[in-house]
4 protein chains.
Amino acid sequence: MDLETARTIVAAARAHGQEAGLKPLTVVVLDPGGHVVAAEREDGASIGRFEIGFGKAYGALALGQGSRATMARAEQQAYFVGAAGAAIGGALVPVPGGVLVQDGDRLVGAVGITGDTSDHDEAAAVAGIEAAGLTARVD
Amino acid sequence: MDLETARTIVAAARAHGQEAGLKPLTVVVLDPGGHVVAAEREDGASIGRFEIGFGKAYGALALGQGSRATMARAEQQAYFVGAAGAAIGGALVPVPGGVLVQDGDRLVGAVGITGDTSDHDEAAAVAGIEAAGLTARVD
Amino acid sequence: MDLETARTIVAAARAHGQEAGLKPLTVVVLDPGGHVVAAEREDGASIGRFEIGFGKAYGALALGQGSRATMARAEQQAYFVGAAGAAIGGALVPVPGGVLVQDGDRLVGAVGITGDTSDHDEAAAVAGIEAAGLTARVD
Amino acid sequence: MDLETARTIVAAARAHGQEAGLKPLTVVVLDPGGHVVAAEREDGASIGRFEIGFGKAYGALALGQGSRATMARAEQQAYFVGAAGAAIGGALVPVPGGVLVQDGDRLVGAVGITGDTSDHDEAAAVAGIEAAGLTARVD
């Protein structure tokens, strides 16, 4: 996940949000090790949004699945998802919007978006990833 | 959120509690960045009350909505609210009593109150905020 | 440490600061268990001041001595003070301004003040404690 | 600190780094409450750089002075700076490169840069801030 790719993802996700009339988004892009490459929080977003976006993306990398899949697990076993989040230090937010980024078969990072509904957040992440010519894994 | 405004909110919230015969209240007033401006814990309140009041107010700022709205989300998706709280460091208490403070359209801080029922805590927060000539957002 | 006493300490410490021309102060008053009773952060104080004032007062209670004595220990054994702070969760700031409050022989709480020089912070704490008819222990 | 201003700061700081031949930089821009507005980590930067840049900027806001001033304090009282950092949760990196951003007299945020020498990091932060028409406070 080089910085230019991350910047492309951020810009395209935000453009998606503006075209779709979404609330202010926060976009966080992580490398495969879970470390921040780029982040932007739009005006009007509340103060916890970086951490929530980070938690969506980091949790996806931590469990190796998009946060939509982790939400499905939480619906069945909330105690597991809560405990897994605690085990990894808190950064696991199990609702859609945390999307793995693949280049073919290779995992190259993750995107976390928060601000509108979780479904809309995820759609913005997918738009951003695809604009960079990469593949999004939402679950 | 200057200190005199915060002190006015604390005093008026406590006066509301005493007139209404509420149990001992703890009142925490934060600036828009979530940092303490003023706090008072009434005699007889238990030892965890500062942290609970702080968590009501901080959680409201983190998510951009009064803690009553976050309770509604927790009723539907407890795992999300638990995870969001962990992601932001623990300070998110999702029951009424965490109220955003606005000066017109501008967010100027938050108030967290705990000690009586959540509904009564919230009423005291609203009374305090309105006594300062500001607008309360409970959800 | 009842709330009225804590309020008296806060008000007198702040009055001392204003008379002495000190920078904006943050005053935190804790009960003997280390829990917040009252706090005020004056306009213009930076955002970390509540935590630093809390750390001065909590550290004083944790080690049973005013923070001036802990500074003396830090000058000799910085590794001990750093480790003790980590052991208790981080809230131990070893410079003057964390003052134990006694009522005769009985420990009734602690005051932490930050904002000006450490010596001036401590003087404000002592002024506040004495205005409440109590005894200050700075080391 | 709106996002467009933050993006201007990031772009100008990075341009400064490239013109000056600096190592890969990480640039973090915070609002006055210490919350991320924008961040970029250049290719080749090591994995801890976001946290270090964040710590330079957050520490500047927490203490109300640029991180160069905190380094001077650390040279005299390392135990204080270590303890203050622990008290605020760890995010305090006391070397140059954490710069307060002012719009006239008003504090509007902070920038943290890391990657090259601390002096060069700071110069990049100042260049970014001035490119946005704002004033940099390095100590």
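Summarised in this report is the structure supplied together with it. (Residues numbered from 1 in each chain as written. Chains lettered and ligands numbered in written order. Predicted model: local features only at pLDDT ≥ 70, side-chain atom pairs only at ≥ 80, totals over all residues. Heavy atoms only, no water.)

**Remarks on the relation of the copies chain C and chain B**
Moving on, step 1. Superposing chain C onto chain B takes a rotation of 180 degrees combined with a translation of 0.0 Å along the rotation axis, leaving an RMSD of 0.1 Å. Such a combination of turn and shift is consistent with a two-fold rotation axis. Relative to the rotation axis, the C-alpha of Ala39(C) is the closest in chain C, positioned 2.5 Å from it. (Least-squares fit on C-alpha atoms with pLDDT ≥ 70 in both.)

**A word on the nonpolar core**
Moving on, step 1. Leu30(B), Phe50(B), Phe54(B), Tyr58(B) and Phe50(C) are the most contacted members of the largest nonpolar core, which totals 44 residues.
Moving on, step 2. Per-element tally for this core: the top contributor is helix 2 (residues 49-63) of chain B, with eight residues.
Moving on, step 3. Not counting the four nearest positions on each side in its chain, Phe50(C) is found in contact with Val36(B), Phe50(B), Thr26(C), Val28(C), Val36(C) and Ala39(C).
Moving on, step 4. Grouped together as the second largest cluster of nonpolar side chains are 43 residues, Met71(C), Ala84(C), Val36(D) and Ala60(D) included. (Core = buried A, V, L, I, M, F, W, Y, C linked by side-chain atoms within 4.5 Å. Buried < 20%, exposed > 50% of the residue type's maximum accessible area, 1.4 Å probe, protein only. Helix = DSSP H or I, 4+ residues; strand = E, 2+ residues; numbered from the N terminus. Contact = heavy atoms within 4.5 Å.)

**Quick word on the packing of aromatic side chains**
Moving on, step 1. In the structure shown here, the tally under the stated rule is ten aromatic pairs over all chains.
Moving on, step 2. Ring centres of Phe54(A) and Tyr58(A) lie 5.5 Å apart, and the angle between their planes is 20 degrees; this geometry places the pair in the stacked category. Taken together, the residues Phe54(A) and Tyr58(A), both in helix 2 (residues 49-63) and four residues apart, mark about one turn of the helix.
Moving on, step 3. Through pairs of rings, three or more aromatic residues link up here, namely Phe50(A), Phe54(A), Tyr58(A), Phe50(D), Phe54(D) and Tyr58(D).
Moving on, step 4. We note Arg73(D) situated over the ring of Phe80(D); from NZ or CZ to the ring centre the distance is 3.9 Å. (Phe/Tyr/Trp six-rings, centres within 6.5 Å; stacked < 30°, edge-to-face > 60°. Lys NZ or Arg CZ within 6 Å of the ring centre and 35° of its normal.)

**Topic: the interface of chain C and chain B**
Moving on, step 1. Each partner contributes residues to the interface: chain C has 17 residues there, and chain B has 17 residues.
Moving on, step 2. Of the roughly 1,600 Å² buried where chain C meets chain B, counting both sides, 46% is carbon and sulfur surface.
Moving on, step 3. Residues Arg41(B) and Asp31(C) are paired through a salt bridge, measuring 2.7 Å at the closest nitrogen-oxygen approach.
Moving on, step 4. Between the two partners, chain C and chain B, sit 15 residue pairs in polar contact (both at pLDDT 80 or more).
Moving on, step 5. Breaking the side of chain C that touches chain B down by element, the ones donating at least two residues are helix 1 (3-19) and strand 2 (36-41) of chain C.
Moving on, step 6. Among the elements that line the side of chain C that touches chain B, the one with the most residues is strand 2 of chain C, at six residues. (Buried area = accessible area lost by both parts, 1.4 Å probe. Salt bridge = Lys/Arg side-chain N within 4 Å of Asp/Glu carboxyl O. Polar contact = N/O pair within 3.5 Å; in protein donor to acceptor, adjacent residues only side chain to side chain.)

**So, the relation of the copies chain A and chain D**
Both copies of the chain are placed relative to one another by a rotation about an axis and a shift along it.
Moving on, step 1. The transformation that overlays chain A on chain D combines an axial shift of 0.1 Å with a rotation of 180 degrees, and the residual RMSD is 0.1 Å.
Moving on, step 2. Here 100% of the interface residues in chain A have copies in chain D that are interface residues too; the copies meet face to matching face.

**Notes on the sheet that holds strand 3 (residues 98-103) of chain B**
Moving on, step 1. With antiparallel pairing, the ten strands of this open sheet are ordered in space as 5(B)-3(B)-4(B)-1(B)-2(B)-2(C)-1(C)-4(C)-3(C)-5(C). Both outer strands of the open sheet, strand 5 (135-137) of chain B together with strand 5 (135-137) of chain C, are each paired with one neighbouring strand and no more. The average undirected angle you get between the axes of adjacent strands in this sheet is 20 degrees.
Moving on, step 2. Relative to strand 4 (residues 106-114) of chain B, strand 1 (residues 26-30) of chain B is paired through five bridges, and the arrangement is antiparallel. Considered in strand 4 of chain B, the bridge of Val27(B) is made with Ile113(B).
Moving on, step 3. Contacts from helix 2 of chain B reach strand 1, strand 2 (36-41), strand 3 and strand 4 of chain B together with strand 2 of chain C within the one sheet, and its direction differs from that of strand 4 of chain B by about 150 degrees.
Moving on, step 4. Packing of helix 5 (residues 118-131) of chain B onto the sheet brings it into contact with strand 3, strand 4 and strand 5 of chain B, and relative to strand 4 of chain B it is tilted by some 140 degrees. (Pairing = 2+ DSSP bridges. Axes fitted to C-alpha atoms, helices over the stretch in contact; angles between N-to-C directions.)

**As for the environment of Gly98(C)**
Residue and element names in this part refer to chain C.
Moving on, step 1. Here Gly 98 is to be found in strand 3 (residues 98-103).
Moving on, step 2. Separated by 24 residues in sequence, Gly 98 and Ala 74 place their C-alpha atoms 15 Å apart.
Moving on, step 3. In contact with Gly 98, not counting residues within four places along its chain, are Lys 56, Ala 57, Ala 60, Gly 66, Ser 67, Val 111 and Gly 112.

**Thoughts on the sheet that holds strand 5 (residues 135-137) of chain D**
Moving on, step 1. Judged by pairing direction, the sheet is antiparallel, and its ten strands sit side by side in the order 5(A)-3(A)-4(A)-1(A)-2(A)-2(D)-1(D)-4(D)-3(D)-5(D) without closing on themselves. On the outer flanks of this sheet lie strand 5 (135-137) of chain A together with strand 5 of chain D, each paired with one strand and no other. Geometrically, the sheet is characterised by an average inter-axis angle of 20 degrees between neighbouring strands, direction not taken into account.
Moving on, step 2. With six bridges connecting them, strand 3 (residues 98-103) of chain D and strand 4 (residues 106-114) of chain D associate as antiparallel partners. Counted as the bridge partner of Val101(D) is Gly109(D) from strand 4 of chain D.
Moving on, step 3. Sitting on the sheet, helix 2 (residues 49-63) of chain D touches strand 2 (36-41) of chain A together with strand 1 (26-30), strand 2 (36-41), strand 3 and strand 4 of chain D, and the angle it makes with strand 4 of chain D is about 150 degrees.
Moving on, step 4. The strands that helix 5 (residues 118-131) of chain D touches are strand 3, strand 4 and strand 5 of chain D; relative to strand 4 of chain D, the one it contacts most, it runs at about 140 degrees.

**Quick look at the side chain of His35(B)**
Moving on, step 1. Within the fold, His35(B) resides in the loop between strand 1 and strand 2.
Moving on, step 2. One polar contact links the side chain of His35(B) to the main-chain carbonyl oxygen of Gly33(B), over a distance of 3.5 Å.
Moving on, step 3. Leaving out residues up to four positions away in the same chain, His35(B) has contacts with Val29(B), Leu30(B), Arg41(C), Ile47(C), Gly33(D) and Tyr58(D).

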